[in-house]
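Chains, contacts and geometry: an overview
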There are 2 protein chains.
Amino acid sequence: MPPSRPADADTPMLRIGDLAKLAETTPRTIRYYEEVGLLPEAAERPSGQHRLYSRAEVERLREVMRLKELLGLTLEELKTILAAEEARAEVRAQLKREDVPPARRRELLEEARGHIDRQLELVRHRAAELAKLQDELSETRKRVRRRIRELDARSEGAFPPEPPLPAVIEGGS
Amino acid sequence: MPPSRPADADTPMLRIGDLAKLAETTPRTIRYYEEVGLLPEAAERPSGQHRLYSRAEVERLREVMRLKELLGLTLEELKTILAAEEARAEVRAQLKREDVPPARRRELLEEARGHIDRQLELVRHRAAELAKLQDELSETRKRVRRRIRELDARSEGAFPPEPPLPAVIEGGS
DNA sequence: ATTGATCCTTACGTTCACGTAAGCTTTTGG
DNA sequence: CCAAAAGCTTACGTGAACGTAAGGATCAAT
């Protein structure tokens, strides 16, 4: 049976071990992330009680780990990025309500755009560098393959494209 | 004046501090890399004597750090990659000599190709993931910008694209 | 020969990002 | 209701990648 109910919805809540497995990490890591402020302290929990998470937290956590991996950020750096994402979520929430004056509305959107732009810049930069590296490697690869083909051409189908056995072939020289 | 000469060429050799600055790192890091086997022990140095490096070492070191950063590798992982690059350098050296039989020649080239392919795979994978992330961000950015434009359109040129002042505009409601 | 500046080795210290263990409480399946 | 499983807190341990300090040796220029 599901551990508990969110008191209002009907999606079965997850315990820290479940969340860990679904996000491919460990409970310790989750607690640690909470400790350093990367994850919000699971709502309304009288210290000592078990943490409960919603399904959405799985995605959130995976996203956090993805950013960490891909961008090689420290948890501290991640925190600032996530703070920005939090802010964007705030904005989305605010914007859903109808009673926001258009001026304020615009302000919020501009802010969100700022956050995204900064993050995008970071990602673009990194992506570009990686692309460069990839190109360089591809170039080298091409050159090597060309040399292999040239070699094969000179010795007229003496050996197949398989990894050559130590067999000796009556060749040039 | 240059610290010393390589005994045969005339490019002024670098001391560890110079190398560090040129590669934007610290002497400690260089010594550490040497210690763990990432960098070769600077040639023929009676322990106690100063390390001397050639200009080429600058590029090599920068490349090492670039790989570390971009791929987020541990020094241990880097070591295997660098070992492969070493091997490729070996191959290049061997291939320069004329007296290598074509069979052996081909073997060497295939080996090099293998190394490159493995590295390329790694880089490609990473690059793809980053590209995905970038796309997602770009999408979000588009959506936000669209919402801003829509907002601007509705309130007929009431405010410019500058960050809006807290001035109130006679708007909807 | 002397003197700063830089370098050497050795060794202990540090930060990050968790792992691991202990002792206890909460939760859950039966 | 009760035991086993999972979780909680607290705290100490760990590996990677260096930083920093001590005490002495080297090096380039004077």
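Numbers given to residues run from 1 along each chain, matching the order in which its sequence is written. As a convention, the first chain written is A and the first ligand written is 1, with the rest following in written order. Selection of residues for local features in this predicted model requires a pLDDT of at least 70, selection of side-chain atom pairs for listing and counting requires 80 or more, and totals for whole chains, interfaces and linings are taken over all residues.

Attention shifts here to the overall build of chain A. Numbering goes from the N terminus for both helices and strands, where a helix is a DSSP run of H or I of at least four residues and a strand is a run of E of at least two. Looking only at helices and strands, chain A has 5 helices and 2 strands in total. Moving toward the C terminus, one meets the helices and strands of chain A in the order β-α-α-β-α-α-α. Counting across all 173 residues of chain A, residues that qualify as buried make up 17%. Counting other C-beta atoms within 10 Å of a residue's own tells you its class, since 20 or more makes it buried, 12 or fewer makes it exposed, and anything in between is partly exposed; those C-beta atoms are placed from the backbone.

What follows is about the packing of helix 4 (residues 75-96) of chain B against helix 5 (residues 102-154) of chain B. Residue and element names in this part refer to chain B. Note on geometry: axes are lines fitted to C-alpha atoms, helical ones only across the stretch in contact, with angles between N-to-C directions running from 0 to 180 degrees. Where helix 4 contacts helix 5, the two axes come as close as 10 Å, and the packing angle between them is 150 degrees. Overall, the two elements helix 4 and helix 5 adopt an arrangement that is roughly antiparallel. Considering the relative orientation of helix 4 and helix 5, their crossing is left-handed. Between helix 4, through Ile81, Ala84, Ala87, Arg88, Val91, Gln94 and Leu95, and helix 5, the contact on the second element is made entirely by Arg105, Leu108, Glu111, Ala112, His115 and Gln119. Each residue gets one label: Ala, Val, Leu, Ile, Met, Phe, Trp, Tyr, Cys and Pro are nonpolar, Asp, Glu, Lys and Arg are charged, and the others, such as Gly, are polar. For the contact of helix 4 with helix 5, the class distribution of residues is 7 nonpolar, 3 polar and 3 charged. Angles below 35 degrees are treated as roughly parallel, those above 145 as roughly antiparallel, those between 65 and 115 as roughly perpendicular, and all remaining angles as oblique. Working rule for handedness: look at the near helix, and if it is turned counterclockwise from the far one by less than a right angle, call the crossing left-handed; if clockwise, right-handed. Any pair of residues counts as being in contact when their C-beta atoms, constructed from backbone geometry, are within 7 Å of one another.

Contacts between chain A and chain B engage 41 residues on the former and 40 residues on the latter. Here the element with the most residues in the side of chain A that touches chain B is helix 5 (residues 102-154) of chain A; it accounts for 31 residues.

Glancing now at the relation of the copies chain A and chain B. For these two chains of identical sequence, chain A goes onto chain B by a turn of 179 degrees and a shift of 0.0 Å along the axis, with RMSD 0.2 Å. The superposition of one copy onto the other is thereby described by a two-fold rotation axis. Mapped onto chain B, 98% of the interface residues of chain A again fall at the interface, so both copies present the same surface. When the copies are superposed, the least-squares fit draws on C-alpha atoms of residues that have pLDDT of at least 70 in both.

Now for the packing of helix 3 (residues 55-71) of chain B against helix 4 of chain B. Working note: a packed helix pair is described by the angle between its axes plus the distance between those axes. Residue and element names in this part refer to chain B. Contact geometry for helix 3 and helix 4: axes closest at 11 Å, N-to-C directions at 130 degrees. Classified by the angle their axes make, helix 3 and helix 4 are oblique. Helix 4 is crossed by helix 3, and the crossing has right-handed handedness. Packed against helix 3, whose contacting residues are Val64, Leu67 and Lys68, the element helix 4 presents Leu78, Ile81 and Leu82 at the interface.

A few words now on the environment of A:Met65. The topology assignment puts A:Met65 in helix 3 (residues 55-71). Aside from chain neighbours lying at most four places away, what touches A:Met65 is A:Ala23 and A:Thr25.

What follows deals with the confidence of the model for chain A. Residues and elements named next belong to chain A. When pLDDT is averaged along chain A, the result is 86; 84% of the residues meet or exceed 70. What pLDDT reports is the predictor's confidence in each residue, on a scale of 0 through 100. Per-element averaging of pLDDT across chain A places helix 4 (residues 75-96) at the bottom with 91 and helix 2 (residues 27-35) at the top with 98. When the criterion is pLDDT under 50, residues 169-173 qualifies, and its contacts beyond four places in sequence or with other chains add up to 8 contacts.

Another aspect to go through is the environment of A:Leu137. If you trace the backbone, A:Leu137 turns up in helix 5. The class for A:Leu137 is partly exposed, based on 18 C-beta atoms found within 10 Å. Discounting residues that sit within four places of it in the chain, A:Leu137 has contacts with B:Ile116, B:Gln119, B:Leu120 and B:Val123.

Here the focus is unusual backbone geometry. All names here are of chain A. Positive phi values are uncommon outside glycine, yet glutamate 24 reaches one of about 55 degrees. Inspection of the secondary structure puts glutamate 24 in the loop between helix 1 (16-22) and helix 2. With 10 C-beta atoms counted inside 10 Å, the residue glutamate 24 sits in the exposed group.

Note that B:Ala56 resides in helix 3. For B:Ala56, a count of 9 C-beta atoms within 10 Å gives the class exposed.

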